[in-house]
Amino acid sequence: MNKASIDVAAELARLSALTIFELRGEWRRLHRASPPMRLSRDLLMRGITYKFQERPLGGLSRSNIRQLQRLNIGDSLAEARKAAPPISLKPGTRLVREWRGVTHSVLIHADGVEWNGKRYSSLTIVAREITGAHWSGPRFFGLRKSAARSVERTEDGNAQA
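Residues numbered from 1 in each chain as written. Predicted model: local features only at pLDDT ≥ 70, side-chain atom pairs only at ≥ 80, totals over all residues. Heavy atoms only, no water.

Quick notes on the packing of aromatic side chains
Next, step 1: One pass over the full model with this rule turns up 5 aromatic pairs.
Next, step 2: Ring centres of tryptophan 115 and tyrosine 120 lie 6.1 Å apart, and the angle between their planes is 50 degrees; this geometry places the pair in the tilted category. Both residues of the pair, tryptophan 115 and tyrosine 120, belong to the buried class.
Next, step 3: With 5.0 Å between their ring centres and 85 degrees between their planes, phenylalanine 140 and phenylalanine 141 make a pair best called edge-to-face. Neither phenylalanine 140 nor phenylalanine 141 differs from the other in exposure class; each is buried.
Next, step 4: The positively charged end of arginine 97 is found above the aromatic ring belonging to tryptophan 135, 6.0 Å away from the centroid.
Next, step 5: Over the ring of phenylalanine 140 we find arginine 97, and its NZ or CZ is 4.3 Å from the ring centre. (Phe/Tyr/Trp six-rings, centres within 6.5 Å; stacked < 30°, edge-to-face > 60°. Buried < 20%, exposed > 50% of the residue type's maximum accessible area, 1.4 Å probe, protein only. Lys NZ or Arg CZ within 6 Å of the ring centre and 35° of its normal.)

With respect to the pattern of salt bridges
Next, step 1: What the rule picks out here adds up to 6 salt bridges.
Next, step 2: Here glutamate 26 makes a salt bridge to arginine 14, at a shortest N to O gap of 3.2 Å. Separated by 12 residues along the polypeptide, glutamate 26 in helix H2 (residues 20-31) and arginine 14 in helix H1 (residues 3-16) bring together distant segments of the chain.
Next, step 3: Salt-bridge contacts for glutamate 114 lead to arginine 119; the nearest nitrogen and oxygen are separated by 4.0 Å. (Salt bridge = Lys/Arg side-chain N within 4 Å of Asp/Glu carboxyl O. Helix = DSSP H or I, 4+ residues; strand = E, 2+ residues; numbered from the N terminus.)

Some remarks on the side chain of threonine 93
Next, step 1: Relative to the elements of secondary structure, threonine 93 occurs in the loop between helix H4 (62-80) and strand E1 (94-99).
Next, step 2: By relative accessible area, which is 6% here, threonine 93 ends up buried.

Quick notes on the pairing of strand E2 (residues 102-109)
Next, step 1: Looking at chain direction, E1 and E2 are connected through 6 bridges and run antiparallel. Bridge pairing in E2 links glutamate 98 to threonine 103.
Next, step 2: Here E1 folds back onto E2 in antiparallel fashion, the turn holding 2 residues, of which arginine 100 has a positive phi close to 55 degrees.
Next, step 3: Bridge count between E2 and strand E3 (residues 112-115): 4 bridges; the pairing is antiparallel. Opposite valine 106, over in E3, you have tryptophan 115 as the bridge partner.
Next, step 4: Two successive antiparallel strands, E2 and E3, enclose a turn made up of 2 residues. (Pairing = 2+ DSSP bridges.)

Remember that the coordinates give geometry; whether it matters functionally is a separate question.
Right under this line is the structure:
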């Protein structure tokens, strides 16, 4: 056995005699931060003993650090793929969109939308009527982040894309 493993074993024995409050203090001293809320005694000891081992044996290798960073990128991509929250427009809101030189105006009602004097159940149906192709209605009218347009308020308080 080398000296580093003996020191870690001695520290483990010392830690097992500490109260949870003393373990939290030890965590603060070693990590220079408060421990996460409601962390169990077992996890506190694991985090503390990792720090004890890290000093004499070294931390993570560069390749492990790079691999962890790649995994964090994957988490942010998964976060970006989550569905956008539903859009809630007040009745009376008017959306305006120009498509191929023609300006289209849609009036929002409590139970649907109105375009060219006809009622429709959703913006997506109107977008399909205008373009002849399947579009997300909210995206077509600039209500989603992925669209380049933004919604602006007109003088009468209505939204304009």
